[in-house]
Amino acid sequence: MDNNIRLIAVDLDGTLLNRKKEMTPRTKEALAACAEAGIIVMPATGRPATGFPYVAENLPGFRYALTSNGALVYDFQEKRAIYEDLLSVENTLKVIDFAADYDLMVDVYTDGNGYSEQRNLDNIRHFFFAEGMIEYVLKTRIPVENMREFVISRGRPVEKVVLFLSDVSFKPELERLLEPFSFLKVTDALENNLELNNSTANKGAALLRFGERLGIAREQIMAFGDGRNDCDMIRAAGVGVAMANACDELKAVADRETLSNEEDGVAWAIEHWALGK
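Since the model is a prediction, treat every value here as computed from it, not as a measurement. (Residues numbered from 1 in each chain as written. Predicted model: local features only at pLDDT ≥ 70, side-chain atom pairs only at ≥ 80, totals over all residues. Heavy atoms only, no water.)

Points about the layout of surface pockets
Space inside the largest pocket adds up to approximately 500 Å³. Along the walls of the largest pocket sit 28 residues, with D13, K21, M133, A189 and L190 positioned nearest its centre. For the lining of the largest pocket, the elements supplying multiple residues, two or more each, are α5 (131–140), β9 (160–165) and β11 (193–198). Residue contributions to the lining of the largest pocket peak at four residues, all from α5. Tallied by class, residues from the lining of the largest pocket come to eleven nonpolar, seven polar and ten charged. Taken together, 17 residues make up the lining of the second largest pocket; nearest its centre are K21, R47, Y54, Y136 and K139. At five residues, α5 tops the list of elements feeding residues into the lining of the second largest pocket. For the lining of the second largest pocket, the class distribution of residues is six nonpolar, four polar and seven charged. (1 Å grid on protein atoms, 1.4 Å probe; cavity = no way out; pocket = protein on both sides within 12 Å on 5 of 7 lines; lining within 4 Å. Points joined across faces, edges and corners; volume = space filled by probe spheres on them. Helix = DSSP H or I, 4+ residues; strand = E, 2+ residues; numbered from the N terminus. Nonpolar A, V, L, I, M, F, W, Y, C, P; charged D, E, K, R; others polar.)

In structure tokens:
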């Protein structure tokens, strides 16, 4: 048991949520017990701030969220960003121009929202989405006609650019082609995507900065994840926990491993290692 845990950061898809994108009663109970014990639980996700209303509604004591792979930490109580590490407009346009040469769907996250071109939303099945993700994307994206013009017209840095592939076999080559873009941090969360943040933005850096803000030491932080975009966070946390269903890259850097997201792995670990049940 880790008696001194004061902050728990938890990824959503493949970690806190099961394959139906639900939190089970046992998981809700464990999170409620954390709130009662004064432990802060915050989602730490690649999603934008508007991308998880169901989770927010069912997370006891919910206030903070680490979003867009660490580009933005948001305080939902005060309705403001408390940490940002964003891509400049200039660099965002370089990515959009690069992507135009390939069969890719380009999404941009800015000001807590996800934006996608209407033509891609109309043709979403072309981009190799699993059925559950199609519904999620269509519900959470704001359509725009032209992404380049949209970014220019807003004139504001962005949190993240996501590239969705129509052919997943092209993914290793796409990642290689992005290597010269030194201003980017490239990771992924799905088989059919690459997620592009500012080079210094990641879940781990944002988590430690947030902890410092609240006077919480690294050793007092526990984090859960399953994907490549969680690796920095798992390394950064005092107790980094990999799900049983996590990728090998994440398991290699984790301190501990719990059950899968289909077996209430987050709840089990909290019960045994944070609450000492």
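Resuming the write-up.
Observations concerning the sheet that holds strand β14 (residues 256–257)
Pairing within the open sheet is parallel, and its five strands lie in the order β2-β1-β12-β13-β14. The sheet terminates laterally at β2 (40–43) and β14, the two strands that pair on one side only. Looking at chain direction, strand β13 (residues 239–242) and β14 are connected through two bridges and run parallel. Counted as the bridge partner of V241 is R256 from β14. Its contacts with the sheet put helix α8 (residues 203–213) on β1 (7–10), β2 and β12 (221–225), and the angle it makes with β1 is roughly 155°. Together, β1, β12, β13 and β14 form the strand contacts of helix α11 (residues 265–274), whose direction differs from that of β12 by roughly 160°. (Pairing = 2+ DSSP bridges. Contact = heavy atoms within 4.5 Å. Axes fitted to C-alpha atoms, helices over the stretch in contact; angles between N-to-C directions.)

Looking at the state of the cysteines
Applying the stated criterion to the full structure yields zero disulfides. The thiol sulfur of C247 is not disulfide-bonded, and the nearest other cysteine sulfur, from C231, lies at 5.2 Å. By relative accessible area, C247 is classed as partly exposed at 27%. (Disulfide = S-S within 2.5 Å. Buried < 20%, exposed > 50% of the residue type's maximum accessible area, 1.4 Å probe, protein only.)

A few points about α8
Here α8 has its buried residues at K203, G204, A206, L207, F210 and G211. Taken end-on, α8 shows its buried residues confined to a sector of 165°, consistent with a single buried face. Looking at where α8 begins, the residue whose side-chain oxygen comes 2.9 Å from the main-chain nitrogen of G204 is N202. Immediately beyond the C-terminal end of α8, within one or two residues, lies G215, with a positive phi of roughly 75°. (Arc of directions from axis to C-beta. Polar contact = N/O pair within 3.5 Å; in protein donor to acceptor, adjacent residues only side chain to side chain.)

A word on the sheet that holds β11
The mixed open sheet is built from six strands, whose spatial order is β8-β7-β6-β9-β11-β10. Each edge of the sheet is formed by a strand with only one pairing partner; in this case those strands are β8 (141–144) and β10 (184–187). Between one strand axis and the next, the sheet turns by 25° as a mean value, whatever way the strands run. Bridging between strand β7 (residues 113–117) and β8 involves four bridges; their strand directions are parallel. From the neighbouring strand, E117 faces β8, where its bridge partner is V144. Contacting β6 (104–110), β7 and β8, helix α6 (residues 147–154) runs over the sheet at an angle of about 15° to β6.

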